[in-house]
Amino acid sequence: MSFTTAQPVLVRAQEAETLQDGTLSLITLLADSPATGGALTANKATFRKGSPGAPAHFHTRATEMFLVLSGSMRILLDDKVVTLGQGDFLTVPPTVPHAFAPAPGSEAEMIVVFTPGMDRFDYYRLLERVHRGEATVQEIKDSSEQFDNHYFESPVWQRELVGR
């Protein structure tokens, strides 16, 4: 049996850093790559009704996993949209285009995990700075390689968001 040098990571709810990445969504930081020995990065995403969620994007180095804790989420997978409800779980391998937002009329909360871990907490902090007007969308675009977040235009997702 092989053992890693990583230590257990315990995050108490009242001590977790929570960021506002948009008017209608929050990200609660749980465990970043350095704390897990590179194994994973995890956060909790909370969406109010009408939140635009995350735009169409893909990752080249990590699998992203979603576990819906409450509510209902729409998720773009390549060129199809699926709906996940409470308790549903989804993995999205590297290079698969995806996006997510709460289903119409729904609030939602989900756990998001990346494996292997990526240093993403600074990316989430950048999103909050953009929301506050302290950084620009161009800074997000410029960070795509660093944070392995590659955005693109998805006509399928755009139609989904406007309800067509």
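Source: prediction; values computed, not measured.

1. So, the overall build of the chain
Inference 1: Looking only at helices and strands, the chain has four helices and 10 strands in total.
Inference 2: By the compact-globule yardstick of 15 Å for 164 residues, the chain fits well, its C-alpha radius of gyration being 16 Å.
Inference 3: If one aligns the C-alpha atoms of the chain with their principal axes, the spans along those axes are about 50 × 35 × 35 Å.
Inference 4: When each of the 164 residues of the chain is scored for burial, the buried share is 40%.
Inference 5: In the chain, the share of contacts with a sequence separation of at least 24, taken over all contacts with a separation of at least 6, comes to 70%.
Inference 6: Total accessible area on the chain stands at roughly 8,900 Å², and carbon and sulfur atoms take up 53% of it.
Inference 7: Charge centroids of the chain, computed over 14 positive and 20 negative side chains, lie 5 Å from each other.

2. Some remarks on the nonpolar core
Inference 1: Among the nonpolar cores identified, the biggest contains 29 residues, and Phe 66, Met 73, Ile 75, Phe 100, Met 110 and Tyr 124 are the most heavily contacted of them.
Inference 2: Among the secondary structure elements, those contributing two or more residues to this core are strand E2 (25–31), strand E3 (41–47), strand E5 (63–77), strand E7 (89–92), strand E9 (108–115) and helix H1 (121–132).
Inference 3: The element that contributes the greatest number of residues to this core is H1, accounting for six residues.
Inference 4: Beyond its immediate sequence surroundings of up to four residues, Ile 75 is in contact with Phe 66, Lys 80, Val 81, Val 82, Leu 84, Leu 90, Ala 99, Phe 100 and Trp 157.
Inference 5: Formed by five residues, the second largest nonpolar core is a distinct cluster that contains Ala 56, Leu 76, Ala 99 and Trp 157.

3. Notes on a nonpolar patch on the surface
Inference 1: Together, Leu 67, Leu 69 and Phe 89 line one region of the surface with nonpolar side chains, adding up to about 250 Å² of accessible area.
Inference 2: Its place among the elements puts Leu 67 in strand E5.

4. Brief notes about the packing of aromatic side chains
Inference 1: Applying the stated criterion across every chain yields a total of five aromatic pairs.
Inference 2: Here the aromatic rings of Phe 58 and Phe 152 are separated by 6.3 Å at their centres, their planes lie at 45 degrees, and the arrangement is tilted. Highlighted residues: Phe 58 in strand E4 (residues 54–58) and Phe 152 in the loop between strand E10 (150–151) and helix H4 (155–162), separated in sequence by 94 residues.
Inference 3: Each ring, one from Tyr 123 and one from Phe 147, has its centre 5.6 Å from the other, and the planes form 50 degrees; the classification is tilted. On the criterion of sequence distance, the pair formed by Tyr 123 in helix H1 and Phe 147 in helix H3 (residues 144–147) is long-range, its members being 24 residues apart. Phe 147 shares its class with Tyr 123; the two are buried.
Inference 4: Every member of this aromatic cluster is reached through a ring pair, and the members are Phe 47, Phe 66 and Phe 100.

5. Section: the layout of surface pockets
Inference 1: Computed from the structure, the largest pocket encloses a volume of approximately 810 Å³.
Inference 2: Residue lining of the largest pocket: 40 residues in total, with Gly 53, Ala 54, Pro 55, Leu 127 and Tyr 151 positioned closest to the centre.
Inference 3: Residue assignment for the lining of the largest pocket shows that the elements contributing at least two residues are strand E1 (18–22), E2, E3, E4, E9, H1, helix H2 (137–142) and H4.
Inference 4: Per element, the largest residue contribution to the lining of the largest pocket is five residues, and it comes from H1.

What counts and how
- Every chain begins its residue count from 1, and numbering advances along the sequence as written.
- Local features in this predicted model are restricted to residues whose pLDDT is 70 or higher, and side-chain atom pairs enter the listing and the counts only when it is 80 or higher, whereas totals over whole chains, interfaces and linings include all residues.
- Hydrogens and waters are ignored; side-chain quantities use all the structure's heavy atoms.
- Per the convention used, a helix needs a DSSP run of H or I reaching at least four residues, while a strand needs a run of E reaching at least two, with both numbered from the N terminus.
- Here the globule rule is a power law, 2.2 Å times the number of residues to the power 0.38, and the radius of gyration is based on C-alpha atoms.
- For every residue, the accessible area (1.4 Å probe, protein chains only) is compared with the maximum for its type, and the residue is labelled buried under 20%, exposed over 50%, or partly exposed between those bounds.
- Note on contacts: a residue pair qualifies if any of its non-hydrogen atoms lie within 4.5 Å across the two residues.
- Computed by Shrake-Rupley with a 1.4 Å probe, the accessible areas treat only the displayed protein chains as cover when residues are assessed.
- A positive count includes Lys and Arg, and a negative count includes Asp and Glu. His and the chain ends are not counted in either.
- Where a charge sits is defined by one atom per residue type, namely NZ (Lys), CZ (Arg), CG (Asp) or CD (Glu).
- Here the nonpolar core consists of buried residues drawn from Ala, Val, Leu, Ile, Met, Phe, Trp, Tyr and Cys, with membership extended through side-chain atoms lying within 4.5 Å.
- Residues enter patches when they are more than 30% accessible in relative terms and free of salt bridges; like-charged ones are connected within 9 Å and nonpolar ones (Val, Leu, Ile, Met, Phe, Trp, Tyr) within 5 Å.
- The term salt bridge refers to a side-chain nitrogen of Lys or Arg lying within 4 Å of a carboxyl oxygen of Asp or Glu.
- Working definition: rings of Phe, Tyr and Trp (its six-membered ring) pair if their centres are within 6.5 Å, and the pair is stacked with planes under 30 degrees apart, edge-to-face with planes over 60 apart, and tilted otherwise.
- Cavity means a closed set of points on a 1 Å grid over the protein atoms alone, one where a 1.4 Å probe fits but cannot get out, pocket means an open set with protein on both sides within 12 Å along at least 5 of 7 lines, and lining means a residue has an atom within 4 Å of a point.
- Grid points are joined across faces, edges and corners, and a volume is the space filled by probe spheres set on the points.

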